[in-house]
Each structure stands twice: as C-alpha cells, then as structure tokens.
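Residue-level structure breakdown
Now for the letters of each chain:
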Amino acid sequence: MYKLIVGNWKMNGLGPALAEAQAVAAGLAGSLGGSLAGSGVRIGLCPPSTLVERMVRSLAGASVLVGGQDCRAEASGAFTGDISAEMLSEAGAVLVILGHSERRSGYGETDALVAAKVEAALRAGLEPIICVGETLAEREAGRAVAVVSTQVRGSLPQVLAGRAFSVAYEPVWAIGTGLTPTTAQIEEIHAAVRAEMSAVLGASGTRAPILYGGSVKPGNAAEILSADEVGGALVGGASLKSADFLGIIAGAG
Ligand code: PGA
C-alpha cells in the first residue's frame, strides 16, 4: 500500500515560503526521489488558501500534491470568509484536510459537519484527509479508542466507498507539543480506525491509508512510519522547513 506524507502549513506562509516548497520538490527530484522510486510514496503540501494557486504554479511538473486545509460544505453562497471545495479545486488543489482538531475545537466542527465537508470535497474531485484524535483528558479516562472510533464512524460518509481518501489519526495532545504516543499506542488506535473504516465502507475501508500526525519529526519519522497500519504522516511544524520535511520523507524509504 502506498504511503502519503502531507505537510500542513496551518496559518503560516507568505510568498517567500514558496521557496521551501520548491526545495521539497528539488529534494524529491534528487537522490531522495531516487531512493523512493517504486515505493509508491506520495507527497503533499497544504499551504494557506492564499498560496494554493501560486504553489501549484511554482511546482508545475514536480511530484508534490497541493491541498487546502479546510473547505465549506456548500459550493457557493453567503458565507463570508469561507472557501468551497470547488474554489480549492479550481486553484489547482487535489487534496484537502478536513476535521483537523484545530477546526473541531476552535470552530465547533462536529462529525456530521466533517462528513458533509467530505462529501463536498468528493463532489469537487478533491481527495480528503479526514482527521480524528482524542484529547489528553479522553486518553487519561481510557476513552481514546472509543472517542476515535466514534469520530471515524461519524465523519466518513458512505460515498467514500471506492474513492481516494485517507484518515489521519492525530492525538490532540501530541499536536505541536513535541509529545508522541508510543508505537504500541499508535498501533492500537490505527487498528481501531481500520476496523471502523471497514465496518463503515466495506472493502474500500480496508485499503485507504491511515496517517499518523502529531509532532512527527525527522528523528521519529522512520519508527512511526514503519508501525503497523501507519500509511503515512500528517506533519505540521516540521513541514515548514524543507530540510525537516525531506528528513521525514526519507523515513518512509
Ligand atoms: P505538528 O502538527 O506536526 O506541528 O504537531 C500536526 C498537525 O496538526 O497536523
């Protein structure tokens, strides 16, 4: 199964940051790309919306997928400040991150809303990356598997069957903190996510990759990426610097 490694720039990046994306593309075109050839590893970057079109243009011909970080469920309308899946697609995006914990906690996004956004992404031809993950309080209460399973069940609409997508397990307490779960903890949750995906979507739920996200760095990427059922990584802070992001990608080799 191919691996998918995606950088989430969050609300970081003005024009000069495109040089980092170009450096990632250059790295993939060099010896790193050679060592990954045939491995089926796919690489993506999700900059702020303002940079999507410019990044697509500046990476023309490179093997880097560009994506958005969120979209509205509706295609158009009176929704000041929002962006639709169609707009991202027109700008050249092929991926979109949905249900990130910063959206779930900061904007009250529910599983049902995330599922509606997933349908919008598919409608526009985008490949959604659907994020789930427990808080520290939920983990300490022994509820991590239950919380994540519920999120998967509620956030994955039936129309995903047969479509390209991924799920990203991102424990909230590991995002931007430098803390990471143990390999056993990651494997426990990824197994639960896989079981839930299969229950909801049948055969196609057995194939889509399950990414891990939360403080992935060059120093821990190889171990995380080789864990059972880890089909890639969603990388925040360490995706802002091309050297770090390329170091993480090297861990997939
Ligand atoms: P981090 O963020 O790598 O900075 O922990 C991951 C994410 O939020 O996707």
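Scroll up for the structure.
Quick summary incoming for the structure in this document. (Residues numbered from 1 in each chain as written. Predicted model: local features only at pLDDT ≥ 70, side-chain atom pairs only at ≥ 80, totals over all residues. Heavy atoms only, no water.)

Attention shifts here to the pattern of salt bridges. What the rule picks out here adds up to 13 salt bridges. Among the ionic pairs, arginine 104 bridges to aspartate 111, the shortest N-O distance being 2.6 Å. For the pair arginine 104 and aspartate 111, one class covers both residues: buried. With its nearest N and O atoms 3.0 Å apart, the salt bridge here joins glutamate 229 to arginine 194. Highlighted residues: glutamate 229 in the loop between α10 (218-225) and β8 (232-235) and arginine 194 in helix α9 (residues 183-201), separated in sequence by 35 residues. A residue is classified by how much of its surface remains accessible, and glutamate 229, at 33% relative accessible area, is partly exposed. Classification of arginine 194 by relative accessible area gives buried; the value is 8%. (Salt bridge = Lys/Arg side-chain N within 4 Å of Asp/Glu carboxyl O. Buried < 20%, exposed > 50% of the residue type's maximum accessible area, 1.4 Å probe, protein only. Helix = DSSP H or I, 4+ residues; strand = E, 2+ residues; numbered from the N terminus.)

Looking now at the packing of aromatic side chains. Under the defined criterion, the tally for this structure stands at 1 aromatic pair. Between tyrosine 169 and tyrosine 212 the ring centres are 6.2 Å apart and the planes differ by 65°, which places this aromatic pair in the edge-to-face class. Of this pair, tyrosine 169 sits in strand β6 (residues 166-169) while tyrosine 212 sits in strand β7 (residues 210-213), placing them 43 residues apart in sequence. Accessibility expressed as a relative area gives 0% for tyrosine 169, which makes it buried. (Phe/Tyr/Trp six-rings, centres within 6.5 Å; stacked < 30°, edge-to-face > 60°.)

Near the ligand, the surroundings consist of 13 residues, among which Lys10, His100, Glu170, Gly176 and Ser215 are the closest. Glycine 236 places a main-chain nitrogen or oxygen 2.8 Å from an oxygen atom of the ligand. Glycine 237 places a polar main-chain atom, nitrogen or oxygen, 2.8 Å from an oxygen atom of the ligand. Broken down by class, the residue content of the shell around the ligand amounts to 4 nonpolar, 7 polar and 2 charged. (Near = heavy atom within 4 Å. Polar contact = N/O pair within 3.5 Å; in protein donor to acceptor, adjacent residues only side chain to side chain. Nonpolar A, V, L, I, M, F, W, Y, C, P; charged D, E, K, R; others polar.)

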